[in-house]
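The chain contents come next:
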Amino acid sequence: MTANDNPAAPQVDAEHFTRAVTALGEKRAVVAKQAIFNAQGIKIVEKGTAINASLYERLNAHKLPEPLEDALSTEGIVTGRSLRLDMELVLENEPFYARMTTTPTERAKRLDVIEKLPLPDAMAFQLTLARDLQPSVYRHSLRAMWTMAWLASHPLGKRFELSEAAAVGLLHDIGMLHLDPALLDPTAELTRGQRRQLYSHPIISMMLIERHHAYPKEVVQAVLEHHECLNASGYPRNLSGNQISPLGRCMSVVEVVTAMIGSKRDGGELRLAVLLRMNMHRYDPALIARIMGLLHPELDPGSEAVELIEAPAQRLIEVDEVVAGWPRDFSVLSELTPERQAGLTVVSEQMSQLRRTLAEAGLAPAQLEQLGDGANDPMLARELSLLAKEAAWQLRTLARQARRRWRAGAQGSYPTELQAWMDRCDSLAQSLLGAATAEHDD
């Protein structure tokens with residue numbers, strides 16, 4: 001897998017990474033291990049110079065022919081040994097991840113694999129930056145690394161298979177360090193430009209990893225695919241089914257796991273169980289079954305922290321009504337091109353799948369009327385509240401996908417029927433999810 005096999009390489013503004021590097025220099029010693037030249041061959045930083053905030057303007061004013069991280073070293077850099085120690089802390093404090101090993105021998109084997117992962121200097125530098133400046137990215141990467149190694153484990157599994165899987169988990173979000181840090185704020189309302197950046201980060205991560213030639217092509221490909229979904233609702237290439245590699249399938253579901261377990265969101269294992277139930281069409285069912293086998297939401301104190309919503313069963317019925325209102329007769333839409341019709345057909349198929357998912361989860365309107373809102377069953381009330389929020393999130397995602405596939409452009413508009421439907425989706429999501437409307441990453 002190479003950059004030439006993928007969508008056009010995104011244009012990354014070096015400002016964000018340069019600012020992060022100079023901020024790191026304020027916390028620990030960062031030094032130019034070689035002279036830094038600009039694209040015209042003019043030396044702008046001498047070898048041995050300490051890199052800190054005072055150099056930000058100079059570095060940011062020049063286009064560099066080589067990645068900045070190649071020229072830098074720092075004290076206390078991330079190593080295989082430090083990764084192992086940090087992972088051991090996670091296992092001591094987070095029971096869910098500790099359950100992924102049943103014997104000390106199995107645990108030691110996976111930790112040995114982690115300690116021996118290939119870490120080129122530039123990659124270790126970026127992980128150090130994440131650990132010190134963006135700890136949420138670093139913690140997420142540790143959990144993803146461990147979960148990927150667990151999913152790759154089987155009786156006949158070879159050490160290199162665990163190593164490949166762990167590398168995907170550790171490095172899949174390395175591209176986020178080169179983008180606007182606002183993208184890491186789960187409560188932020190993103191602009192259209194910021195959302196484009198978000199959709200590009202798998203490509204950036206892939207490019208950063210690929211250039212070191214330290215990782216197999218399977219690792220590079222899975223990093224690119226870590227937000228792809230079986231039903232073609234993912235990004236950046238809208239792949240489906242067997243178009244996604246085995247490691248890519250694993251990483252896409254691991255994204256859900258690590259977003260829910262160990263994050264600051266409430267709900268923990270109950271929330272994850274709901275998400276998996278509602279996303280059987282998006283992720284590999286065999287992988288979901290393995291993860292569900294680890295979950296004990298009734299024993300997880302985080303389940304009690306789930307915020308209840310009023311009349312959750314009624315809100316789920318409202319979701320079904322909005323899904324039913326999708327304008328399936330595309331012939332009535334103005335300015336319909338073959339490309340737009342093809343894109344909306346994909347959305348229509350996913351809309352039907354959402355309705356099937358709701359029915360299979362026992363959430364069809366007739367079933368909900370019999371079930372009630374769980375007034376006398378606190379766990380049911382929490383579960384229904386989470387299911388309503390997840391259904392609203394999926395509906396909002398479909399509305400965003402409809403916007404992307406219509407490709408109206410910055411100054412464009414949408415047909416009246418389509419705009420009205422998208423407005424209904426946004427209104428429902430706003431009322432259920434709040435201002436941020438973000439229950440997990442899209």
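This is a predicted model, so every value here is computed, not measured.

Draft legend 1. Expanded view of the overall build of the chain. In terms of helices and strands, the chain carries 18 helices and four strands. Here the C-alpha atoms of the chain give a radius of gyration of 23 Å, agreeing with the 22 Å that 2.2 N^0.38 yields for 442 residues. Of the accessible surface of the chain, which amounts to about 19300 Å², a share of 52% is contributed by carbon and sulfur atoms. Distance from the positive charge centre (47 side chains) to the negative charge centre (57 side chains) of the chain: 4 Å.

Draft legend 2. Region of the structure containing the confidence of the model for the chain. Within the chain, residue pLDDT values average 88, and 92% of them lie at 70 or more. In the model, residues 436–442 has pLDDT below 50 throughout and makes 33 contacts with residues more than four positions away in sequence or in other chains.

Draft legend 3. Up close: the packing of helix 7 (residues 135–151) against helix 11 (residues 246–260). Across the interface, helix 7 lies against helix 11 with an axial gap of 9 Å and an inter-helix angle of 130 degrees. Here helix 7 lies oblique to helix 11, going by the angle between them. In this structure, helix 7 meets helix 11 at a crossing whose hand is right-handed. Contact with helix 7, carried on its side by H140, R143, A144, T147, M148 and L151, involves L247, C250, M251, V253, V254, E255, V257 and T258 of helix 11 and no other residues of that element. Here the contact of helix 7 with helix 11 is built from residues that sort into nine nonpolar, three polar and two charged.

Draft legend 4. Fine view of helix 6 (residues 121–133). Under the 1.5 Å per step criterion, the end-to-end length of helix 6 is 18 Å for 13 residues, consistent within 8% with the ideal 18 Å. Among the 13 residues of helix 6, 10 are classified as buried, and the element is accordingly described as predominantly covered. Residues of helix 6 that are buried: A122, M123, A124, F125, Q126, L127, T128, L129, A130 and D132. Residues of helix 6 that are buried in the fold lie against helix 1 (15–27), strand 1 (30–32), strand 4 (72–74), helix 7, helix 8 (159–171) and helix 9 (192–210).

Draft legend 5. Seen up close, empty space enclosed by the protein. Overall, the coordinates contain four cavities of 30 Å³ or more when judged by the stated rule. Size it by volume and the second largest cavity reaches roughly 80 Å³. Together, N231, S233, H281, R282, Q350, L354, Q394, T397, L398 and Q401 line the second largest cavity. For the lining of the second largest cavity, the secondary-structure elements that each account for two or more residues are helix 15 (338–360) and helix 17 (378–406). With four residues, the single largest contributor to the lining of the second largest cavity is helix 17.

Draft legend 6. A look at the side chain of H172. Here H172 is to be found in the loop between helix 8 and helix 9. Only 3.0 Å separates the side chain of H172 from the side chain of H140, close enough to count as a polar contact. A polar side-chain atom of H172 sits 2.7 Å from a polar atom in the side chain of E255. Look past the residues within four positions of H172 in its chain and what remains in contact with it is H140, A144, S205, V223, H226, M251 and E255.

Draft legend 7. Quick peek at the state of the cysteines. In total, this model carries zero disulfides according to the counting rule given. Counting only cysteine sulfurs, C250 is the nearest neighbor of C229, a cysteine outside any disulfide, at a range of 14 Å. Of the cysteine sulfurs around C425, a residue in no disulfide, the closest is that of C229, at 18 Å. Under the relative-accessibility criterion, C425 is labelled buried at 1%.

Draft legend 8. Focus on the pattern of salt bridges. As enumerated under the stated definition, the model contains 22 salt bridges in all. The partner of D320 in a salt bridge is R355, with the nearest N and O atoms 3.1 Å apart. Taken together, the residues span a long stretch of sequence, with D320 in helix 14 (residues 312–324) and R355 in helix 15 at a distance of 35 residues. Relative accessible area serves as the criterion here: at 9%, D320 is assigned to the buried category.

Draft legend 9. Region of the structure containing helix 8. Under the 1.5 Å per step criterion, the end-to-end length of helix 8 is 18 Å for 13 residues, consistent within 8% with the ideal 18 Å. Among the 13 residues of helix 8, 10 are classified as buried, and the element is accordingly described as predominantly covered. Listed in full, the buried residues belonging to helix 8 are L162, S163, E164, A165, A166, A167, V168, G169, L170 and L171.

Draft legend 10. Spotlight on unusual backbone geometry. Put simply, Y235 and P236 share a cis peptide bond, and its omega is 10 degrees. Its identity as a non-glycine residue notwithstanding, H213 has a phi of 55 degrees, on the positive side. As for its placement among the helices and strands, H213 is situated in the loop between helix 9 and helix 10 (217–224). A relative accessible area of 71% means that H213 is categorised as exposed. Phi at N238 takes a positive value of approximately 55 degrees, unusual for a residue other than glycine. In this structure, N238 sits in the loop between helix 10 and helix 11.

Reading the values: the criteria
Residues numbered from 1 in each chain as written. Predicted model: local features only at pLDDT ≥ 70, side-chain atom pairs only at ≥ 80, totals over all residues. Heavy atoms only, no water. Helix = DSSP H or I, 4+ residues; strand = E, 2+ residues; numbered from the N terminus. Rg over C-alpha atoms; globule rule 2.2 N^0.38 Å. Areas by Shrake-Rupley, 256 points an atom, 1.4 Å probe, with all protein chains shown as cover. Lys, Arg positive; Asp, Glu negative; His and termini not counted. Charge placed at Lys NZ, Arg CZ, Asp CG, Glu CD. pLDDT = per-residue confidence, 0-100. Contact = heavy atoms within 4.5 Å. Axes fitted to C-alpha atoms, helices over the stretch in contact; angles between N-to-C directions. Parallel < 35°, antiparallel > 145°, perpendicular 65-115°, else oblique. Left-handed = near helix turned anticlockwise from the far one by under 90°. Nonpolar A, V, L, I, M, F, W, Y, C, P; charged D, E, K, R; others polar. Expected span 1.5 Å × (residues − 1). Buried < 20%, exposed > 50% of the residue type's maximum accessible area, 1.4 Å probe, protein only. 1 Å grid on protein atoms, 1.4 Å probe; cavity = no way out; pocket = protein on both sides within 12 Å on 5 of 7 lines; lining within 4 Å. Points joined across faces, edges and corners; volume = space filled by probe spheres on them. Polar contact = N/O pair within 3.5 Å; in protein donor to acceptor, adjacent residues only side chain to side chain. Disulfide = S-S within 2.5 Å. Salt bridge = Lys/Arg side-chain N within 4 Å of Asp/Glu carboxyl O.

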